[in-house]
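# Structure at a glance
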Amino acid sequence: MICRYDDAVSLFKFFFEKHNIVPNVVSYNNLINAHCDEGKVDSGLEIYRRIIETALFSPSSVTYRHLTKGLIAAGRIEDAVALLREMLAKGHGADSLVYNNVIKGFLELGNLEKANEFFDELKERCLVYDGVINATFMDWWFKQGKDKEAMGSYKSWQDKNFKVVPATCNTILEVLVRYGKKEAACALFEHMLDNHTPPTQQAVNSDTFNIMVNECFKEAGFEEAIHTFKKAGTKSGSKPFQMDVAGYNNIIARFCENGMMEHAEEFFAALLAKCLTPDVVTFRTLIDAYLKREEIDDVLRTLNKMADAGLRVVASFGTRVFGELIKNGKEVESAEILTKMGNKDPKPDSSIYDVVVRGLCSAGELDASKDMLDQMIKYGVGIPLALKEFLIEVFGNAGRASEIKSVLDESKWINISRPAYARQPRSQHETAQMASGQPLGPSPMMGRSVSSEPQIARPQSFGVHPMSRQTELGSPQMTGQLSLGSHNKQQPSEFLNMDQQHPLRPYQGSGYPIEALNVILL
């Protein structure tokens, strides 16, 4: 995973400090998590104190999870215990995963007595606790070579017969698989499948299948992996799990790793047959596998499908793939695919165009390279200085220097005289404003949904999704928290930056490029 700590901090300052948008607790938690992941737990504690002193809401259990984990990672377990006590003193419930962080910290220090003390305290405070704690004890016992004690902890959790979400069972399932307890893992997997009775109870998810499928691949049990992938419960009332894209991506990746491309293609076709939409991961997995096998025609075919789907190709991946295509004499085909990508938003990065334009020039396709340059100008994609110099030299050698200079001069005029993109209305309300000649800006109904549309157009949080990594180890305790920025008050007009006389003027009020923000958020 690529760490983008500086971007996370910059985005928080951009939205919530520079433009006075009111952050919600999830926004603060994301920032705290970023600080703790970077080892700057004191900065995370400062944010925590800011919430207490200035926010209209209290810290959430997720806040304490991030901070206790960060403190323990920094070797400050006593501070983590003090924070747990503060959490309880402020009236918060006994959160299992905060306790789990402390328990794990003491186990890593070899202090089993203290770990058991906190576990007993948790059981006194709540009748039902997260089974992740049992997984923590199991893992510690297995590492000590004491399988009997580890399985004893597992049995004690089984005897409780808690009704838990898949994430908790998955954590225990992972521990069993990791330490070779295949029989117990299979039995737990079967139990989860039998209890899967949606909409009453969701007992499995794609991660459950991924754990078991990956174990089959480790043992070269490819047929068993396919059987496991399609497995369903046998108990009366149980229902088959409707596999999602993440599950298909996993088994496709495993087949690609083993060079079994026919099977990978079969599951890709099955994904499409289920009316699921392949994502960037799906296509990147297949393309990388074909590149490794030097099957260039299949790379072209798959990249073409990715372009048809309108999926974003990041600069590092795009330059690498198009570079390989051009090395193999596919300059024209590359230009055709890049043209298709350029017709959709977001636009490809200038570095991708750079690779393709240079490839076309090297192949003598000067007219095609000029067409690609025209696209860059049309879409407002910046032309790197090195590419300009390269084109002037190449076209000059071909006796066409004036022709390319004319295009480049035109690009300077266009970039200065008009915006690259005109902002499009995002709702019926904005469409009506534009039709009546009114300036675009915050709706008078800001704070309520208009035409049943959500108030925030882009609900992604930076760093992590609010429902994916807000709970460590997949806790079932879903917070229902809103995503970054969705707790905001009415936005000041300068944030939208819609000039009263020029409703189509794009946002230009910050030194932080809005294109860069789009890239980070996506």
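On a predicted model such as this, the values are computed, not experimentally measured, just so you know.

Moving on to helix H21 (residues 366-378). The α-helix advances 3.6 residues per turn, and as a result positions three or four apart in sequence lie on the same side. Between its first and last C-alpha atoms H21 spans 18 Å; for 13 residues at 1.5 Å apiece the expected length is 18 Å, and the two agree. Immediately beyond the C-terminal end of H21, within one or two residues, lies Gly380, with a positive phi of roughly 70 degrees.

Under the defined criterion, the tally for this structure stands at 18 aromatic pairs. Seen from their ring centres, Phe106 and Phe118 are 5.6 Å apart, and the 20 degrees between their planes marks the pair as stacked. Residue Phe106 is located in helix H6 (residues 96-108), and its partner Phe118 is located in helix H7 (residues 112-125); the two are separated by 12 residues in the primary sequence. Residue Phe106 shares its accessibility class with Phe118, and that shared class is buried. Cluster of aromatic residues (ring-pair linked, three or more members): Phe217, Phe222, Phe229, Tyr248, Phe255 and Phe267. A cation over a ring is seen here: Lys123 above Phe119, with NZ or CZ 4.3 Å from the ring centre.

For Met151, the location among the structural elements is in helix H9 (residues 147-160). The class for Met151 is partly exposed, based on a relative accessible area of 23%. Spatially, the C-alpha atom of Met151 lies 9.4 Å from that of Ala184, the residues being 33 residues apart in sequence. Filtering out sequence-adjacent residues up to four positions away, Met151 remains in contact with Phe142, Leu176, Lys181 and Ala184.

Further remarks concern the packing of helix H19 (residues 331-342) against helix H20 (residues 350-362). Packing of H19 against H20 leaves a shortest axis separation of 9 Å and a crossing angle of 150 degrees. One finds that H19 runs roughly antiparallel with respect to H20. When the axes of H19 and H20 are compared, the crossing they make is left-handed. Residues Glu331, Val332, Ser334, Ala335, Leu338 and Gly342 of H19 form the contact with H20, whose own contacting residues are Ile352, Tyr353, Val356, Gly359 and Leu360. When the residues that make up the contact of H19 with H20 are grouped by side-chain class, the tally is 7 nonpolar, 3 polar and 1 charged.

Basis of the calculations
- Residues numbered from 1 in each chain as written.
- Predicted model: local features only at pLDDT ≥ 70, side-chain atom pairs only at ≥ 80, totals over all residues.
- Heavy atoms only, no water.
- Helix = DSSP H or I, 4+ residues; strand = E, 2+ residues; numbered from the N terminus.
- Expected span 1.5 Å × (residues − 1).
- Phe/Tyr/Trp six-rings, centres within 6.5 Å; stacked < 30°, edge-to-face > 60°.
- Buried < 20%, exposed > 50% of the residue type's maximum accessible area, 1.4 Å probe, protein only.
- Lys NZ or Arg CZ within 6 Å of the ring centre and 35° of its normal.
- Contact = heavy atoms within 4.5 Å.
- Axes fitted to C-alpha atoms, helices over the stretch in contact; angles between N-to-C directions.
- Parallel < 35°, antiparallel > 145°, perpendicular 65-115°, else oblique.
- Left-handed = near helix turned anticlockwise from the far one by under 90°.
- Nonpolar A, V, L, I, M, F, W, Y, C, P; charged D, E, K, R; others polar.

Scope: geometric values only; no functional claims are made or implied.
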